[in-house]
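Commentary on secondary and tertiary structure
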Amino acid sequence: MSLEESEPSEPSEPSEPSVLSRQQYESLLDAAETYREALVVRCCGDVGLRPSELTRLSTDAIDQVQTNPPRYLLRLPAGEDGTRRTAYLPTTVERELRRYARSNGLSSDEPIVSVTPRRLQMLVADVAERASDLFDDPALEGVSTSDLRRYFARTALVEHDVNPRVVKTVGGWQSFEALEPYLSEPTDAEIVDAFATIETGSRSRSPTERGVSDESVVRSLLAASDRCALVRLDPDGYVERWNRSAESVFGYRAGEIVGTHVSAFYDDDAVERGVPERTLSRALEESGYEDSGWRLRRDGSQFRATEVVTPLRDDAREIRGFALLVRDVSTHYERLEALRSARDALDRLYGVAERHRAVTDALLEATGHGEVETATCTELTDGSTYDAAWIDRTALSDHRQEWRTASGLEHDQIDRLLPDEWPDPQSQPSLGSGPTTDEGGATGPASVDSAADDATVTESQSVTVASDVRAAFDGGDGAFEGHVATVPLCYGDTVYGTLSVATERSNAFDEAERAWLETIGSQVGYAIGAIRRRNLLLSDRVVELEFVCRDEGSFFVDATRRLECRFELDSLVPLSESTQLYYVRLEGASPADVFELADAEPGIGDCRLIETYEDAYRIEFVVEGSSPTLTLTEYGVTVCEAVFEDGSAAITAECAANADLRTIVSGLRSAFPDSELVGKREAERAVQTGREFREGLEERLTDRQEAALMAAYSGGYYDWPRESTAEEVADAMGISSPTLHSHLRKGQHELLRTFFDDPSTDE
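The model shown is predicted, which means the values in this text are computed figures rather than measured ones.

**Quick notes on the packing of aromatic side chains**
- The full count for this structure, using the stated rule, is 18 aromatic pairs.
- Both rings, one in phenylalanine 250 and one in phenylalanine 265, keep their centres 4.2 Å apart while their planes meet at 25°; by these two values the pair is stacked. Of the two residues, phenylalanine 250 sits in helix 12 (residues 244-250) while phenylalanine 265 sits in the loop between helix 13 (254-257) and helix 14 (268-272), which places them 15 residues apart along the sequence.
- Assessed through its relative accessible area of 1%, phenylalanine 250 is described here as buried.
- By the ring-pair criterion, three or more aromatic residues cluster together here, those being Phe555, Phe556, Phe567, Tyr582, Phe621 and Phe644.
- Here the basic side chain of arginine 149 rests over the ring of tryptophan 173, its NZ or CZ set 4.4 Å away from the ring centre.
- The ring of tyrosine 717 is capped by arginine 722, whose NZ or CZ atom sits 4.0 Å from the centre of that ring.

Take a look at the structure:
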């Protein structure tokens, strides 16, 4: 066993040994090729452990004795001689010990270094020999673990002025004589300074005034992070000094990288562009240069880094090399990129929302169908959100394009973004809960344009998106490469057309943006329907239209063909956008047969018998979904009469004089292809004044009915709560209560008939 391990006695008169300098100690740390080698050197040089004590060291021996700031001691277990001792553990070494134990999966009671003391002595000798060759310092070649303990004692006693009794305890020395070689003879100034407290009552320098070397500060900063590296280059840019901080960042050991040009840290493209040489040149010209970019690790992976290059000059201002400080900022860069992506997404959503608001404002001011389409396309392309927008109206029966409104691109340029032929309607993707066709049968581009066969198509409910669309334009107008989305313009079950938008923005038409487009499509559809109805209400002249529908898609047409019966529409009550109440007169079939057919029809929600006549029946139907009358209603047409018999429907309706008849007919045929317009004529709208209404009502009421209504109204019978009961009103009139109720019921019936029905149709 060596003297260093056992240390049974201390020499009474030790010779003056040579002690490592701070620079030499750091050279040993830089020459360590593995994390374990550096840890062993630090445990001997910073903690003062012997090899035999180091083999017994585990994380269980670490004792935190102070929390703010954290301070640690090592409670070393007993050795072969049964002695225990306490050593001081610097915070940086404590962190490295725990990091090494975690990375190697060691439990708290397992030794940190599971080798013999002799093997540890050989490990330190190998590091010393490597440092001597690497830094051309022959004095390092024979450094041993004893030299590291001497360095520990010298640093504590001389540089940090630690109490010798404390150094003796934490270093495990048996006597003060063992520390004598590390204490030099005091100078006159040191003697005066030591006794200054006697003269002044305080020390000449407070603990906070004691000097801390710049090298210690730098080393502490580098040890606090594994993302910062300090490298020294020679004047030609080759690595001259390499430490553990650089190894943790780049992955190279000192023996692998020393002597290698700094260009090894750059990718091939940067090397070809001369970035490393240009960086060093600018550092010389500007007395320092700061840059950021991608750097390369030993395993070929890239990381984002910031670097500061500073030229190193001697007293004669001659260049002696460069100091290169590299910091791995990949985490910060990823966060920054995430924030940028989030900002871009918010900007995109804001742009879409801004266009949506502009479209909404324009729709409120539009007064016609064409104006709605023009305003929509213009507002959508006003800005950078969309490059082009257009609205198509097409016909299902012959696939002809009837009308297009566009903004941002010319019509022939838009054609290059669309397929040569529309796909078969049966293969069209579903447009949500609505129909798959517009008023003319097309839903917009469900596939790629002719110039981009590899474009992909996705859809969200009613929005269809064609991605990777590319088109070249003639006449030097450039090209388009981006995405196209289309959405139907719906109102209820009716689709007036399709709105399409094109943009070259990346990541366009995400879920949120598709939801915006769906809303815009619904808004435009509602606006068109509202304008059609308003025009009908405000028009003095109307056009009477006669339609014939033989399409089996209509339940009533199909029922008359199968049962050889006849339906006549008495009244039509809209309940919602897609549901209507039909009150019809049935002739030629029994209600039971009709109800049996209705049960198998998904478009009929319910039906019931209202009244039975001598040769007919009055039936109520709840019609859900598409029907010829509902389609005409959604195009702003008022249905006046409808008769279904012999597999055909004859529908009479009215529309405003300025209504687009082609759009109305195309819309009906898009839902019910076997339909046609067989007649039309213009007529003045009959305007009935309030006086004419009252005069017509008086002709329909008997004197007793009119008197009963007047007495009940004036007597407060219709107020709530009632001011008079029926019995009180009957007594006042001198009639019985049942007679009063009979007069009131018949009078109310005539009043409602006069309001809801046309008096000219009375029999």
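On we go.
**Things to note about the side chain of serine 58**
- Along the chain, the position of serine 58 falls in the loop between helix 4 (51-54) and strand 1 (62-67).
- Not counting chain neighbours up to four residues away, the residues in contact with serine 58 comprise Ser108, Asp109, Glu110, Pro111 and Ile112.

**Comments concerning the environment of leucine 701**
- Following the sequence through the fold, leucine 701 ends up in the loop between helix 24 (690-700) and helix 25 (703-714).
- Judged by its relative accessible area of 11%, leucine 701 is buried.
- With 46 residues separating them along the chain, leucine 701 and glycine 747 place their C-alpha atoms 6.4 Å apart.
- Not counting residues up to four positions away in its chain, the partners in contact with leucine 701 are Leu709, Gly747 and Glu750.

**Structural notes on the packing of helix 16 (residues 330-365) against helix 17 (residues 369-380)**
- The interhelical angle for the contact between helix 16 and helix 17, taken along N-to-C directions, is 155°, at an axis separation of 9 Å. By the angle class used here, helix 16 and helix 17 are roughly antiparallel. Handedness of the crossing formed by helix 16 with helix 17: right-handed. Note on element contacts: helix 17 touches helix 16 through Glu371, Val372, Ala375, Thr376, Glu379 and Leu380, opposite Arg355, Ala358, Val359, Ala362, Leu363 and Glu365.
- Among the residues making up the contact of helix 16 with helix 17, the classes are represented as seven nonpolar, one polar and four charged.

**Quick look at the pairing of strand 17 (residues 579-587)**
- Burial analysis of strand 17 places seven of its nine residues in the buried class, which makes it a mostly covered element.
- Relative to strand 17, strand 16 (residues 566-574) runs antiparallel, the two sharing eight bridges. Bridge pairing links glutamate 568 to arginine 585 in strand 17.
- When strand 17 meets strand 19 (residues 617-624), the two strands line up antiparallel, connected through eight bridges. Bridge pairing links arginine 585 to arginine 618 in strand 19.

**Remarks on the sheet that holds strand 3 (residues 85-89)**
- Read across the sheet, three strands follow the order 1-2-3 without closing on themselves; strand pairing throughout is antiparallel. With partners counted over all chains shown, the strands left at the sheet margins are strand 1 and strand 3, one partner each. Here the strands of the sheet are splayed against their neighbours by 30° on average, with no regard to which way each runs.
- Sheet topology places strand 2 (residues 70-76) next to strand 3; five bridges connect them, and they run antiparallel. Counted as the bridge partner of leucine 73 is tyrosine 88 from strand 3.

Calculation notes
Residues numbered from 1 in each chain as written. Predicted model: local features only at pLDDT ≥ 70, side-chain atom pairs only at ≥ 80, totals over all residues. Heavy atoms only, no water. Phe/Tyr/Trp six-rings, centres within 6.5 Å; stacked < 30°, edge-to-face > 60°. Helix = DSSP H or I, 4+ residues; strand = E, 2+ residues; numbered from the N terminus. Buried < 20%, exposed > 50% of the residue type's maximum accessible area, 1.4 Å probe, protein only. Lys NZ or Arg CZ within 6 Å of the ring centre and 35° of its normal. Contact = heavy atoms within 4.5 Å. Axes fitted to C-alpha atoms, helices over the stretch in contact; angles between N-to-C directions. Parallel < 35°, antiparallel > 145°, perpendicular 65-115°, else oblique. Left-handed = near helix turned anticlockwise from the far one by under 90°. Nonpolar A, V, L, I, M, F, W, Y, C, P; charged D, E, K, R; others polar. Pairing = 2+ DSSP bridges.

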